[in-house]
Amino acid sequence: MKFAITVFSPPYSPSSRRALRFCEAALAGSHEIVRLFFYQDGVYNASGAIVTSQDETNLGHEWTRFIESNSLDAVVCIAAALKRGVLDETEARRYQRPGDGVVNVPWALSGLGQLHEAAQQADRFIAFGGS
Amino acid sequence: MKSMLIISRQSPWSGPTAREALDIALAGGAFDIPMAILFMDDGVFQLCAGQHAATLQQKDLTANLQALSLFGIDDLYVAQSSLAARAVQPVETLSVKRVSDSEIATLINRYDHTITL
Amino acid sequence: MATLHLHSFSPFTDTRLASGLRILSSGDGVLLCGDAVYALQPGCAIREQLVELTSTCEVIALAEDLESRGIDSLPATIRSIDYAQFVEACARYDRTNTWL
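Residues numbered from 1 in each chain as written. Chains lettered and ligands numbered in written order. Predicted model: local features only at pLDDT ≥ 70, side-chain atom pairs only at ≥ 80, totals over all residues. Heavy atoms only, no water.

1. Thoughts on the pairing of strand E1 (residues 2–7) of chain A
All names here are of chain A.
Thought 1: Burial of E1 is extensive: 5 of the 6 residues sit out of reach of the surface.
Thought 2: Two elements, E1 and strand E2 (residues 32–38), share 6 bridges in a ladder whose sense is parallel. Residue pairing in the sheet places isoleucine 5 in a bridge with leucine 36 of E2.
Thought 3: The parallel pair E1 and E2 is bridged by helix H1 (residues 14–28), and the resulting crossover is right-handed. (Buried < 20%, exposed > 50% of the residue type's maximum accessible area, 1.4 Å probe, protein only. Helix = DSSP H or I, 4+ residues; strand = E, 2+ residues; numbered from the N terminus. Pairing = 2+ DSSP bridges. Right-handed = clockwise from strand over helix to strand, strands pointing away.)

2. A few points about helix H2 (residues 45–53) of chain C
In an α-helix there are 3.6 residues to a turn, and that puts residues three or four apart on one side.
All names here are of chain C.
Thought 1: Turning to H2, its buried residues are Ile46, Arg47, Leu50 and Leu53. Relative to the axis of H2, the buried residues are bounded by an arc of 115 degrees and lie together on one face. For H2, the exposed residues set more than 90 degrees away from the buried face come down to Ala45 and Glu52.
Thought 2: Residues of H2 that are buried make contact with helix H1 (16–22), strand E2 (29–32) and strand E3 (58–62). (Arc of directions from axis to C-beta. Contact = heavy atoms within 4.5 Å.)

3. Quick notes on the packing of aromatic side chains
Two descriptors summarise a pair of aromatic rings, namely the distance from one centre to the other and the angle between the planes of the rings.
All names here are of chain A.
Thought 1: A full pass over the atoms with the stated rule returns 10 aromatic pairs over all chains.
Thought 2: Summarising the aromatic geometry, the rings of phenylalanine 38 and tryptophan 63 are spaced 5.4 Å apart at their centres and angled 90 degrees between planes, so their arrangement reads as edge-to-face. Placement of the pair is phenylalanine 38 in strand E2 and tryptophan 63 in helix H2 (residues 59–69), with a sequence separation of 25 residues. Of the two residues examined, phenylalanine 38 and tryptophan 63, each falls in the buried class. (Phe/Tyr/Trp six-rings, centres within 6.5 Å; stacked < 30°, edge-to-face > 60°.)

4. Let's talk about the side chain of serine 15 of chain A
Thought 1: Note that serine 15 of chain A resides in helix H1.
Thought 2: Apart from the residues lying within four places of it in its own chain, the contact partners of serine 15 of chain A are Ser9, Phe128, Gly129, Gly130 and Ser131 of chain A.

5. With respect to the nonpolar core
Thought 1: Counting residues in hydrophobic clusters, the biggest one holds 87 residues, and the most contacted among them are Ile5, Phe22 and Trp63 of chain A together with Phe86 of chain C.
Thought 2: No other element matches the 7 residues that helix H1 (residues 17–30) of chain B contributes to this core.
Thought 3: Apart from residues no more than four positions distant in its own chain, tryptophan 63 of chain A is found in contact with Val7, Ser16, Ala19, Leu20, Cys23, Leu36, Phe38, Asn45 and Trp107 of chain A.
Thought 4: Leu24, Leu32, Leu53 and Val59 of chain C belong to the second-largest nonpolar core, a separate cluster that totals 19 residues. (Core = buried A, V, L, I, M, F, W, Y, C linked by side-chain atoms within 4.5 Å.)

6. Here we look at the side chain of threonine 3 of chain C
Thought 1: Tracing the chain through its elements places threonine 3 of chain C in strand E1 (residues 3–7).
Thought 2: Within the structure, the side chain of threonine 3 of chain C is placed 2.4 Å from the side chain of asparagine 109 of chain B, a separation counted as a polar contact.
Thought 3: A distance of 2.8 Å separates a polar atom in the side chain of threonine 3 of chain C from a polar atom in the side chain of arginine 95 of chain C.
Thought 4: Excluding residues that lie within four positions of it along the chain, threonine 3 of chain C makes contacts with Ile108 and Asn109 of chain B together with Asp28, Gly29, Tyr93, Arg95, Thr96 and Asn97 of chain C. (Polar contact = N/O pair within 3.5 Å; in protein donor to acceptor, adjacent residues only side chain to side chain.)

7. A short note on the interface of chain A and chain C
Thought 1: Listed as interface residues are 18 residues of chain A and, on the opposing side, 21 residues of chain C.
Thought 2: Across the chain A/chain C interface, buried area totals approximately 1,500 Å², and carbon plus sulfur atoms make up 64% of it.
Thought 3: Across the chain A-chain C interface, the total number found is 2 salt bridges.
Thought 4: Measuring nitrogen to oxygen at the nearest pair gives 2.8 Å for the salt bridge that ties arginine 17 of chain A to glutamate 64 of chain C.
Thought 5: Put simply, the parts of the chain that give the side of chain A that touches chain C at least two residues each are H1 and strand E5 (124–128) of chain A.
Thought 6: Looking at the side of chain A that touches chain C residue by residue, the class counts come to 10 nonpolar, 4 polar and 4 charged. (Buried area = accessible area lost by both parts, 1.4 Å probe. Salt bridge = Lys/Arg side-chain N within 4 Å of Asp/Glu carboxyl O. Nonpolar A, V, L, I, M, F, W, Y, C, P; charged D, E, K, R; others polar.)

8. Details of the pattern of salt bridges
Thought 1: Inspection of the entire model under this criterion finds 21 salt bridges over all chains.
Thought 2: We note a salt bridge from aspartate 65 of chain C to arginine 18 of chain A, for which the minimum N-O separation is 3.8 Å. With aspartate 65 of chain C in helix H3 (residues 63–68) and arginine 18 of chain A in helix H1, this pair bridges two chains. Summarising the burial analysis for this pair, aspartate 65 of chain C and arginine 18 of chain A share the class buried.
Thought 3: The shortest N-O distance in the salt bridge between glutamate 62 of chain A and arginine 21 of chain A comes to 3.3 Å. With a gap of 41 residues between them, glutamate 62 of chain A in helix H2 and arginine 21 of chain A in helix H1 connect regions that are remote in the sequence.

This is the structure:
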């Protein structure tokens, strides 16, 4: 079965961790993830600038590893990301913000149309967020 | 095409959620995806008259609501029980269909995808 | 054509679960995770309401959230699930509705 997964919560929320565990289980069960779409505070999962203490899990890093090792399509809503200061190099330059941006490959900034495109391809559209 | 129902249950003043829910709907409409919105719980406050967004340096959400039909989104519903509990009425310029809780239960099962924000 | 409703907010501080239970069709499912599993705290009215609901709707709860909160006795008609079963439940229903 094809799943489109959307994540609405930041990496320090239980629901972002739950989304990742769900995705791992979906792939382990021979399902397909057509796209991961990160919206609202979910865009923070893509930020490479988050620092966690050594005894805490850096869920953003876990997401990055998961996305890379399974060659998944991970799209971050550009409007939600700009609003929250989660920029890639192109956007940092465009808006003359400090640094080179915090979003790097395998993450990609794009529009909400990508959410709908994924939902059109998917058998199930599943959102994770809240507490 | 797969259809999507968005259940919007936040007030327009509680943060970006109400606007970001509408943005999902407008983006879907732009791609000719069959979209519907159900306003329930505090989401019904989005439909009220007499709101003054500028007081809180916010943009007026009702402009986005009026734009929905331009994007082909005409299936707008509002939970009758949520209106009654808050003693509010939707503005007359918006064409919104009132639905009971049991009608909502049936409505959800008519769409391919659903999300509640 | 049934819907699996996903809830993660505590019923004691938030109205999402109460709203969700009002708009269920027979055959729909309710999945509790995160703080929503507090609804299964033994002795609570909401737990009894969920037990009654199981005559028409499936009610399931994420095992890790029950275990982490020390909720270890479930009613006979409410099942605890792992992530593989979470995925299976999402595939089994026609759609999911997450209460964000």
